[in-house]
Amino acid sequence: MSRTVWSDLCSPEIARRLTTLADVDPSVVVDDFHSVPEIGDVEVMLTGWGCPPIDEAVLQRAPRLRAIIHTAGSVRHHVTQACWDRGIVVSSAVEENALPVAEYTLAAILFSQKRVLEVSHAYRATRGRAAWATAYPSMGNYRRVVGIVGASRIGRRVIELLKPFDVDTLLADPTVDASEAVRLGVTLVDLDELVSTCDTVSLHAPSLPETARLIDRPRLAAMRDGAVLVNTARGALVDEAALTDELVSGRLHAVLDVTDDDILDADSPLYDLPNVLLTPHIAGSMGDELTRLVDHAVDELQRWSVGEGFSTSVDREQLDTSA
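How each quantity is defined
Residues numbered from 1 in each chain as written. Predicted model: local features only at pLDDT ≥ 70, side-chain atom pairs only at ≥ 80, totals over all residues. Heavy atoms only, no water. Pairing = 2+ DSSP bridges. Helix = DSSP H or I, 4+ residues; strand = E, 2+ residues; numbered from the N terminus. Axes fitted to C-alpha atoms, helices over the stretch in contact; angles between N-to-C directions. 1 Å grid on protein atoms, 1.4 Å probe; cavity = no way out; pocket = protein on both sides within 12 Å on 5 of 7 lines; lining within 4 Å. Points joined across faces, edges and corners; volume = space filled by probe spheres on them. Nonpolar A, V, L, I, M, F, W, Y, C, P; charged D, E, K, R; others polar. Salt bridge = Lys/Arg side-chain N within 4 Å of Asp/Glu carboxyl O. Buried < 20%, exposed > 50% of the residue type's maximum accessible area, 1.4 Å probe, protein only. Arc of directions from axis to C-beta. Core = buried A, V, L, I, M, F, W, Y, C linked by side-chain atoms within 4.5 Å. Contact = heavy atoms within 4.5 Å. Parallel < 35°, antiparallel > 145°, perpendicular 65-115°, else oblique. Left-handed = near helix turned anticlockwise from the far one by under 90°. Polar contact = N/O pair within 3.5 Å; in protein donor to acceptor, adjacent residues only side chain to side chain.

Chemist: Help me understand the sheet that holds strand S1 (residues 44–47), please; the structure alone is not making it clear to me.
Modeler: In a beta sheet, neighbouring strands are held together by backbone hydrogen bonds and run either parallel or antiparallel to one another. Read from one edge to the other, the open sheet built from 3 strands follows the order S1-S2-S3, with strand pairing classed as parallel. Two strands close off the open sheet at either side, each with one partner strand: S1 and strand S3 (89–92). On average, each strand axis in the sheet is tilted by 15° relative to the strand beside it, whichever way the strands run. Sheet topology note: the S1/strand S2 (residues 67–70) ladder contains 4 bridges and is parallel. Bridge pairing in S2 links Val-44 to Ala-67.

Chemist: Got a minute to help me understand the layout of surface pockets in this structure?
Modeler: Empty space among the atoms becomes apparent when a probe as large as a water molecule is rolled across them. Roughly 1,000 Å³ of volume is contained in the second largest pocket. Mapped by element, the contributors of at least two residues to the lining of the second largest pocket are helix H2 (12–21), S1 and helix H13 (290–305). When the residues that make up the lining of the second largest pocket are grouped by side-chain class, the tally is 22 nonpolar, 3 polar and 6 charged.

Chemist: Just checking my understanding: could you explain the pattern of salt bridges for this structure?
Modeler: Two side chains carrying opposite charge are able to pair once their charged atoms lie near each other. Per the counting criterion, the structure on display carries 18 salt bridges. Asp-225 is paired through a salt bridge with Arg-251; the nearest N and O atoms lie 2.8 Å apart. Placement of the pair is Asp-225 in the loop between helix H11 (217–222) and strand S8 (228–231) and Arg-251 in the loop between helix H12 (240–249) and strand S9 (253–256), with a sequence separation of 26 residues. When its relative accessible area of 64% is taken as the criterion, Asp-225 is described as exposed. Linking Arg-303 and Glu-300 is a salt bridge whose minimum nitrogen-to-oxygen distance equals 2.5 Å. Here the residue Arg-303 and the residue Glu-300 both occupy positions in helix H13, the gap between them amounting to 3 residues, near one helical turn. On the basis of relative accessibility, which here comes to 25%, the residue Arg-303 falls in the partly exposed class. Overall, Glu-300 belongs to the buried group, its relative accessible area being 0%.

Chemist: Please clarify how helix H6 (residues 116–126) should be interpreted in this entry.
Modeler: It helps to recall that an α-helix has 3.6 residues per turn; residues three or four apart then point in one direction. Among the residues making up H6, those that are buried are Glu-118, Val-119 and Ala-122. Taken end-on, H6 shows its buried residues confined to a sector of 95°, consistent with a single buried face. A positive phi of about 55° marks Arg-127, the residue just after H6.

Chemist: Explain the nonpolar core to me, please; I cannot follow it from the model alone.
Modeler: Soluble globular proteins: nonpolar side chains tend toward being buried together. In this structure, Leu-194, Val-201, Leu-203, Leu-220, Met-223, Leu-229 and Leu-247 are the most contacted members of the largest nonpolar core, which totals 31 residues. Among the secondary structure elements, those contributing two or more residues to this core are strand S4 (144–149), strand S5 (167–172), helix H10 (191–197), strand S7 (200–203), H12 and S9. When residues no more than four places from it in sequence are discounted, the contact partners of Leu-203 are Val-149, Ile-215, Leu-229, Val-230, Asn-231, Thr-232, Ala-233, Leu-237 and Val-238. One finds Cys-51, Ile-68, Val-79 and Val-90 within the second-largest nonpolar core, a separate group that totals 20 residues.

Chemist: Just checking my understanding: could you explain the packing of helix H5 (residues 94–113) against H13 for this structure?
Modeler: Contact pair H5 / H13: the axes reach a minimum separation of 9 Å and the direction vectors enclose 165°. Judged by the inter-axis angle, H5 sits roughly antiparallel to H13. For the element pair H5 and H13, the recorded crossing hand is right-handed. Along the contact surface, H5 presents Glu-96, Asn-97, Leu-99 and Pro-100, while H13 presents Arg-292, Leu-293 and His-296. Considered class by class, the residues forming the contact of H5 with H13 number 3 nonpolar, 2 polar and 2 charged.

Chemist: Where do I start with the sheet that holds S8 in this structure?
Modeler: Pairing is parallel across the open sheet formed by 7 strands, whose spatial order is S6-S5-S4-S7-S8-S9-S10. Taken across any chain shown, the strands that pair with only one partner, and hence form the sheet edges, are strand S6 (187–188) and strand S10 (276–278). Pairing geometry for S7 and S8, over 4 bridges, is parallel. Bridge assignment links Thr-200 to a residue of S8, and that residue is Val-228.

Chemist: Help me understand unusual backbone geometry, please; the structure alone is not making it clear to me.
Modeler: The general pattern is negative phi for most residues beyond glycine and trans for most peptide bonds. We note that Arg-115 has phi near 60°; this positive angle belongs to a residue other than glycine. The topology assignment puts Arg-115 in the loop between H5 and H6. Phi at Arg-143 is positive, roughly 60°, even though this residue is not glycine. Here Arg-143 is to be found in the loop between helix H7 (132–135) and S4.

Chemist: Even after reading the chapter, I still don't get the environment of Thr-312, so can you show me in this structure?
Modeler: Mapping Thr-312 onto the fold places it in the loop between H13 and helix H14 (316–319). Judged by relative accessible area, which is 14%, Thr-312 ranks as buried. Along the chain, Thr-312 and Ile-69 lie 243 residues apart, while their C-alpha atoms are 9.7 Å from each other. Apart from the residues within four sequence positions on either side, Thr-312 is in contact with Val-90, Ser-91, Ser-92, Glu-95, His-296 and Glu-300. Within the structure, the side chain of Thr-312 is placed 3.4 Å from the side chain of Ser-91, a separation counted as a polar contact.

None of this, on its own, says anything about what the molecule does.
Written out as structure tokens, the structure is:
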């Protein structure tokens with residue numbers, strides 16, 4: 001993994017646990033397999049953000065490798081087909097990383113319908129002299145309709161977190177049937193109905209060729225006046241130019257943790273709009289939340305070392321339809 005990532009993850013307690021469980025030097029961090037002279041004895045790889053692909057060339061040098069434990073979510077960028085062909089078992093901290101994203105999303109849904117961002121801008125600009133009740137008559141979360149696009153791990157956690165609130169939750173996901181929707185406690189609808197009837201639309205679908213620009217210009221145009229789009233998934237799910245037009249007009253609101261490019265163009269109008277909350281991809285694990293990820297990884301190593309299965313093993317068959 002990246003040396004910077006490991007410096008954030010590895011506390012003295014983590015180093016102690018690792019050296020208790022395995023023959024490992026926690027001070028050695030590999031971010032380029034070509035620079036490592038000998039990996040023939042490696043049985044388990046602990047990986048993270050910045051891990052290069054573990055391809056056939058790497059596996060030929062690591063004949064004893066049997067397990068990969070990832071300290072982040074997606075493994076699609078470094079666990080290659082060669083790993084699956086060998087039968088290497090893989091664990092990911094995707095469940096743990098879903099927690100802060102779902103928490104961020106819940107906060108975004110509640111704050112956006114309370115019009116916190118807009119009221120804050122107006123409060124500062126008028127030094128407290130704005131008439132809030134008349135300026136924002138629709139603010140609040142009572143009986144709002146929230147639409148979840150994608151019953152992913154994060155989408156399901158958001159659904160669960162919304163249950164204590166007085167909102168109606170709709171779900172659009174072609175892989176979910178009516179009986180599962182009942183178990184989740186949501187109303188299953190198609191995507192076009194969801195975008196046209198919800199006060200908030202929150203995106204939790206994977207970025208795949210078939211989901212590119214899923215929220216396109218016609219679907220954005222179909223959203224209610226004053227509706228909010230929350231995107232903590234991937235920027236590629238949205239037609240960004242069409243969304244920008246809607247936001248500049250003031251008709252829609254948005255909370256965007258992701259955009260098409262990691263960093264918007266410096267001249268993007270989205271930076272200055274009062275109806276847009278932009279954050280730089282911080283919904284996932286950050287700061288002390290990273291400890292949850294590496295704690296989970298070491299727990300997985302402990303299970304593997306005593307012959308138990310991983311608690312969050314990655315299913316190769318589901319990988320093509322996940323983030």
